[in-house]
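Observations on chain architecture
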Amino acid sequence: MGETSGSFVVFENRRSFFVEVNGLVWGITIAVVMGFFIFDFFSHVRTPHEPSIKESAGWSLFYIGLACAFGIFLWFTWGEPGNPHQHGIEFFTGYVTEKALSVDNLFIFALIMTSFKIPRQYQQKVLLIGIAIALILRLVFILLGAAVIQAWSDVFYLFGIFLLWTAAKLLWDEIADKEETDPNDMLVVKMVRKIVPVHGDYKSDKLWFKDNGKRVLTPLFVALLAIGFVDILFALDSIPAIYGITQEPYIVFTTNAFALLGLRQLYFLLDGLLDKLVYLSYGLSLILAFIGMKLILHALHENNLPFINGGENISVPEVPVELSLVVILGILLLTTFLSLTVGNRMEEEKKATESAEAEPSVK
């Protein structure tokens, strides 16, 4: 038997305070997340400055600790019959995955900052506002994804195939050493410059200013749009990936929110270290391929397509979320270790060889 308590339903026969996440819970969660972004803006970003390593490390640890505290809360309060910690495990697995994918975003953010020649003291503002906009747009994707899954469960076939294709493309681009697209060549950037005048210089940390009564954008605003647009593109693989771990839209949103909270600080903390993570893309491609296969197995297990087994379910093994967490953490730890040892040694030897070949021979 159960009894209603506030916004949640409490069941006496299992350790769970949640049966469903209603509108009030969603509203409170979104308000708290946006509150952290607002706090971050007024406490750190409003006054332009380049954050120190100590400041970046402290706040990065704070947001990681906050995510862990939330995950522990779900661990003890929201489960399934026979598995009281189900959603807590899903949250931690999803958070680790989204955090790893968000670190990959930082490579592109660094490229955008370099391309637009944004002064270090102004980069915080661009990152924070761009990430906040990206989170709002991700929420739209998450809710749309939940609606599609509810209406057509076989969409997991498409999600799985898309992740496998993304993993293969990421691996191929890394092997082929494909150059990143110049942010100035992005369609959204070109369109903005055609519609609204863009000034060539920075006006402190202003996004726009008035010139003879006309609104003129600064390069800071265009860079902000580029970061938001790039993050939307990354969401195209991160959202299906997290739905491969959990089908709870609330967990999908909170894992994305906590992964993006503190991403600004992580950018400055890892600055200089990103180039050393030479095998990160290989690890991420393995993670996406693993989740893609997991999604296809789930789709086969819940199959309704008439041209596959006559529309009947196929008895295939499904990957438990606990194993997913172990595999994803293992891949990340292994690729990080190999990057900082074998990978960096090979890069140093390559640079030394290139430098020796470039020096003119002494006769």
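Residues numbered from 1 in each chain as written. Predicted model: local features only at pLDDT ≥ 70, side-chain atom pairs only at ≥ 80, totals over all residues. Heavy atoms only, no water.

1. Brief notes about the overall build of the protein chain
- Per the secondary structure count, the protein chain includes 11 helices and four strands.
- Burial analysis of the protein chain (363 residues in total) assigns 45% to the buried set.
- For the protein chain, long-range pairs separated by at least 24 residues make up 75% of all intrachain contacts whose partners lie at least 6 apart in sequence. (Helix = DSSP H or I, 4+ residues; strand = E, 2+ residues; numbered from the N terminus. Buried < 20%, exposed > 50% of the residue type's maximum accessible area, 1.4 Å probe, protein only. Contact = heavy atoms within 4.5 Å.)

2. Some points on the packing of aromatic side chains
- The full count for this structure, using the stated rule, is 22 aromatic pairs.
- Each ring, one from W26 and one from Y250, has its centre 5.5 Å from the other, and the planes form 90 degrees; the classification is edge-to-face. Placement of W26 in helix α1 (residues 23-45) and of Y250 in helix α8 (residues 249-260) is noted, with a sequence separation of 224 residues between them.
- A relative accessible area of 15% means that W26 is categorised as buried.
- By relative accessible area, which is 5% here, Y250 ends up buried.
- Summarising the aromatic geometry, the rings of W59 and F62 are spaced 5.3 Å apart at their centres and angled 80 degrees between planes, so their arrangement reads as edge-to-face. Placement of both W59 and F62 in helix α2 (residues 53-77) is noted, with a separation of three residues, approximately one turn of the helix.
- Among the aromatic residues, those joined into a ring-pair cluster are W26, F70, F73, W78, F91, F92, Y95, Y250, F253 and F258. (Phe/Tyr/Trp six-rings, centres within 6.5 Å; stacked < 30°, edge-to-face > 60°.)

3. Brief notes about the pairing of strand β3 (residues 208-211)
- One ladder, built from four bridges, connects β3 with strand β4 (residues 214-217); its direction is antiparallel. Residue pairing for β4: K210 is matched across the bridge by R215. (Pairing = 2+ DSSP bridges.)

4. A short note on α8
- With 12 residues, α8 ought to run about 16 Å at 1.5 Å a step, and its terminal C-alpha atoms sit 17 Å apart, in line with that.
- For α8, a buried count of 11 out of 12 residues is recorded, marking the element as mostly surrounded by other parts of the structure.
- Of the residues making up α8, those classed as buried are Y250, I251, V252, F253, T254, T255, N256, A257, F258, A259 and L260.
- Lining the buried residues of α8 we find α1, α2, α3 (86-115), α4 (123-151), α7 (219-243) and α9 (263-269).
- Positive backbone phi, at 85 degrees, marks G262, one or two positions downstream of α8. (Expected span 1.5 Å × (residues − 1).)

5. Focus: the environment of N256
- By secondary structure assignment, the location of N256 is in helix α8.
- Looking at N256, the relative accessible area reads 0%, which means it is buried.
- Expressed as a C-alpha distance, the spacing of N256 and Y95, which sit 161 residues apart in the sequence, is 7.1 Å.
- For N256, the contacting residues outside a window of four places in its chain are E98, L135, R138, I142, S238, I239 and I242.
- Polar side-chain contacts of N256 include one of 2.5 Å to the side chain of R138. (Polar contact = N/O pair within 3.5 Å; in protein donor to acceptor, adjacent residues only side chain to side chain.)

6. Thoughts on α2
- When the terminal C-alpha atoms of α2 are compared, their 36 Å separation across 25 residues agrees well with the 36 Å that a helix rising 1.5 Å per residue should span.
- Residues of α2 that are buried sit in contact with α1, α3, α8 and α9.

7. What about the packing of α7 against helix α10 (residues 280-301)?
- Running from amino to carboxyl end, α7 crosses α10 at an angle of 50 degrees, the nearest separation of the two axes being 9 Å. Between α7 and α10, the angle is such that the two are oblique. In the crossing of α7 with α10, the sense of the turn from one axis to the other is left-handed. In this structure, α7 uses D237, P240, A241 and Y243 to contact α10, whose residues at the interface are L288, I291 and L295.
- Its residues assigned to classes, the contact of α7 with α10 comprises six nonpolar, no polar and one charged. (Axes fitted to C-alpha atoms, helices over the stretch in contact; angles between N-to-C directions. Parallel < 35°, antiparallel > 145°, perpendicular 65-115°, else oblique. Left-handed = near helix turned anticlockwise from the far one by under 90°. Nonpolar A, V, L, I, M, F, W, Y, C, P; charged D, E, K, R; others polar.)

8. Thoughts on the packing of α7 against α8
- Where α7 contacts α8, the two axes come as close as 11 Å, and the packing angle between them is 135 degrees. Viewed along their axes, α7 and α8 adopt a mutual orientation that is oblique. Handedness of the α7/α8 crossing: right-handed. Contact residues: D231, S238, I239, I242 and Y243 in α7; P249, V252, T255, N256 and L260 in α8.

9. Examining the confidence of the model for the protein chain
- Predicted confidence across the protein chain gives a mean pLDDT of 82, with 87% of residues reaching 70 or more.
- Of all helices and strands in the protein chain, the one with the weakest mean pLDDT is strand β2 (residues 8-11) (40), whereas α8 scores best (94).
- Below pLDDT 50 for its whole length, residues 1-19 participates in 40 contacts with residues either more than four positions away or in separate chains. (pLDDT = per-residue confidence, 0-100.)

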